[in-house]
Each structure stands twice: as structure tokens, then as C-alpha cells.
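# Per-entry structural report
Given next are the chains, with one letter for each unit.
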Amino acid sequence: QVRELLLEQRAFWNGLNGYWVQGNLARLLNIPQARGLLVQGMASGSPAARIGLRAGTVEVDIAGETLILGGDVILSVAGISFADDDGYQRVRQHLGGLNPGDSVTISVLRAGERISLTTTLGESD
């Protein structure tokens, strides 16, 4: 599986730095599903920045882990939920198959509300 994910599939650079939130931490952060991707930071001009994601702003230590809270939590990409056991692999496969001009929609939890963000991919994505 590692070979497939890292070597055989076309990579999609999103410019996002995230942290998987699941289990007790997901419940503590009131995430409405079992798993989500907490946006920690992103590269300027990246697809993540262009779609309108917001990174966290408050650094906290939780159980020995340093997290940056206050940003969006990605719940799904193109209707594929990160709560699904194979959600990450399916999202990666979907994004790897996109071409310039294709659009992508993500669902995020922002300040306690679920919102959708959409962008059209450019040549450099």
C-alpha cells in the first residue's frame, strides 16, 4: 500500500499541512464525524489557500502533541468522507486523477458550522 501511495499514484500537491483528528480528540473538538483533517498551515498560493481554507492560529499542547487549533477541519473531499476507513486513499486517488479545469469541492467544519468550498484547478496544480 505504501508503494502504491508514494510511488505508483500521481501526486497531487495541495500545499496543506494537516493533522488527523480522531477518537477522543475528535469528540473534544466537536467534530461531527469519527475523523477529520485539522488544517495546521498552508503554502501561499497553493490549491489549499486558493480554495479558501483557513489555518489554525492558536498553538496548544494536548497529550504531548503540539497542535495549532482554530482552523478548518476538512470532513470530505468530492463527497468522499474522511470518516470512511479508506477515505484518505480514495481522496488521494480522486485528486490524482483531476486535470486543469476540473473543479473540486470540499466540506469543512469552520467555527462549528459545516460549509462547502469549491475551486477550479489551474495548470500548476
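Described below are features of the structure shown in this document. For every chain, the first residue of the written sequence is number 1, and numbering continues from 1 along that sequence. With pLDDT at 70 or above as the cut-off, local features in this predicted model cover only qualifying residues; side-chain atom pairs require 80 or more to be listed or tallied, and sums for whole chains, interfaces and linings still use all residues. Here the side-chain values reflect all heavy atoms present in the structure, with hydrogen atoms and water set aside.

### Describing the overall build of the protein
In this description a helix means any DSSP run of H or I spanning at least four residues, a strand means any run of E spanning at least two, and both kinds are numbered starting from the N terminus. Helix and strand counts for the protein come out as four helices and eight strands. Seen in sequence order, the protein has helices and strands lined up from the N terminus as α-β-α-β-α-β-β-β-β-α-β-β. The 125 residues of the protein split such that 38% are buried. The contact criterion used throughout is that any non-hydrogen atoms of two residues lie within 4.5 Å. Put simply, of all contacts in the protein between residues at least 6 apart along the chain, 51% involve residues at least 24 apart. Here, Shrake-Rupley sampling with a 1.4 Å probe gives the accessible areas, and only protein chains in the shown set may cover a residue. Total accessible area on the protein stands at roughly 7,200 Å², and carbon and sulfur atoms take up 48% of it. With a 1.4 Å probe rolled over the protein chains alone, any residue whose accessible area is under 20% of its type maximum counts as buried; one over 50% counts as exposed, and the rest are partly exposed.

### Quick look at the nonpolar core
We call a set of buried residues a nonpolar core when its members are Ala, Val, Leu, Ile, Met, Phe, Trp, Tyr or Cys and they connect through side-chain atoms within 4.5 Å of each other. Within the largest apolar cluster, 17 residues are counted, with the highest numbers of intra-cluster contacts made by Leu53, Ile74, Val77, Val104 and Ile106. Every element with two or more residues in this core is listed here: strand E2 (35-42), helix H3 (47-51), strand E5 (73-77), helix H4 (87-96) and strand E7 (103-110). Ranked by the residues each element gives to this core, the list is headed by E7, at three residues. Setting aside residues up to four positions removed in sequence, Ile74 forms contacts with Leu16, Gly36, Leu37, Val39, Leu53, Phe82, Ser107 and Val108. In this structure, Ala26, Ile31, Leu38 and Leu67 belong to the second largest nonpolar core, which totals ten residues.

### A few points about unusual backbone geometry
Positive phi, close to 55°, is recorded for Asn30, a residue that is not glycine. With respect to the secondary-structure elements, Asn30 resides in the loop between helix H2 (23-28) and E2. A positive phi angle is found at Ala111, which is not glycine, with a value near 50°. Residue classification places Ala111 among the exposed residues on the basis of a relative accessible area of 80%.

### Section: the pairing of E5
Within E5, five of the five residues are buried, which leaves it mostly tucked inside the rest of the structure. Alignment of E2 against E5, held across two bridges, turns out to be antiparallel. By the bridge assignment, Leu37 is partnered in E5 with Ile74. Hairpin connection from E5 to strand E6 (residues 80-81): two residues lie between these consecutive antiparallel strands, with Ala78 at a positive phi of about 55°. Strand pairing is assigned whenever DSSP detects at least two bridges linking the two strands.

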